[in-house]
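Read off the chains here:
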Amino acid sequence: MTELADVTETVALRVERDGWSICPCGEEHDQAETDAGMPATLRADAALARRYVR
C-alpha cells in the first residue's frame with residue numbers, strides 16, 4: 001500500500017507540474033477543469049492507501 005500511495009502521489013505531481021492529462025488519447029477534450037481537480041483526488045487516494053499500512 002505504501003508503494004501504491006507513493007506512485008499515486010507521483011502522478012498527482014506530474015499532473016500539476018508537467019500538465020499531464022487524465023485523458024488517455026492525448027487530445028484536448030475540454031478536460032482542463034477535470035485535470036485541475038485530479039491532484040487533490042489522487043492525494044486523497046494516496047492518504048487512504050497510507051491509512052491501511054498502519
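Let us look at the structure shown here. Along each chain, numbering runs from 1 in the same order as the chain's sequence is written. For a predicted model such as this one, the threshold for reporting local features is a pLDDT of at least 70, and the threshold for listing and counting side-chain atom pairs is 80 or more; totals across whole chains, interfaces and linings nevertheless cover every residue. Side-chain measures were taken over the full set of non-hydrogen atoms in the model, leaving aside hydrogen atoms and water.

Brief notes about the side chain of threonine 8
Here comes step 1: A helix here means a DSSP run of H or I that spans at least four residues, while a strand means a run of E at least two residues long, and both kinds are numbered starting from the N terminus. Within the secondary structure, threonine 8 sits in helix α1 (residues 2–18).
Here comes step 2: Setting aside chain neighbours within four positions, we find threonine 8 in contact with Leu42, Asp45 and Ala46. Contacts: residue pairs with any heavy atoms within 4.5 Å of one another.

With respect to the environment of glutamate 9
Here comes step 1: With respect to the helices, strands and loops of the structure, glutamate 9 is situated in helix α1.
Here comes step 2: Taking C-alpha positions, glutamate 9 is 16 Å from valine 53, a pair spaced 44 residues apart along the chain.
Here comes step 3: Beyond its immediate stretch of four places on either side in the chain, glutamate 9 contacts Arg43, Ala46 and Arg50.

Quick look at helix α2 (residues 32–51)
Here comes step 1: A helix's residues, less one, multiplied by 1.5 Å, set its expected span. End to end, α2 covers 30 Å across 20 residues, agreeing with the expected 28 Å (1.5 Å per residue, within 8%).
Here comes step 2: A residue's bend is simply the angle between two axes: one fitted to the seven residues ending at it, one to the seven starting at it. At methionine 38, α2 is deflected by roughly 35°, the largest bend along its length, and proline proline 39 occurs up to four residues later in sequence.
Here comes step 3: Looking at α2, one finds that the buried residues are Asp35, Met38, Pro39, Leu42, Ala46 and Ala49.
Here comes step 4: Of the surrounding elements, those touching the buried residues of α2 are α1. Burial classes: relative accessible area under 20% of the type maximum marks a residue as buried, over 50% as exposed, and values in between as partly exposed (1.4 Å probe, protein chains only).

Some thoughts on the side chain of glutamine 31
Here comes step 1: By the secondary structure assignment, glutamine 31 is in the loop between α1 and α2.
Here comes step 2: Judged by its relative accessible area of 11%, glutamine 31 is buried.
Here comes step 3: Each polar contact in these results corresponds to two N or O atoms within 3.5 Å; when the atoms are within protein, one needs to be able to donate a hydrogen and the other to accept it, and residues that are neighboring in sequence are counted only if both atoms are side-chain atoms. A polar contact of 3.5 Å, which involves the side chain of glutamine 31, links it to the backbone oxygen of glutamate 27.
Here comes step 4: A distance of 2.6 Å separates a polar side-chain atom of glutamine 31 from the backbone nitrogen of histidine 29.
Here comes step 5: Residues contacting glutamine 31, with those up to four places away along its chain left out, are Ser21 and Cys23.

Describing a nonpolar patch on the surface
Here comes step 1: Judged by side-chain polarity, Met1, Leu4, Leu48, Tyr52 and Val53 come together as a nonpolar surface patch covering roughly 520 Å² of accessible area.
Here comes step 2: Tracing the sequence through the fold places valine 53 in the segment after α2. Exposure above 30% relative accessible area and the absence of a salt bridge qualify a residue for a patch, where like charges join within 9 Å and nonpolar side chains (Val, Leu, Ile, Met, Phe, Trp, Tyr) within 5 Å. Method for areas: the Shrake-Rupley scheme with a 1.4 Å probe, in which residue coverage is limited to the protein chains shown. Counted as salt bridges are all cases of a side-chain nitrogen of Lys or Arg within 4 Å of a carboxyl oxygen of Asp or Glu.

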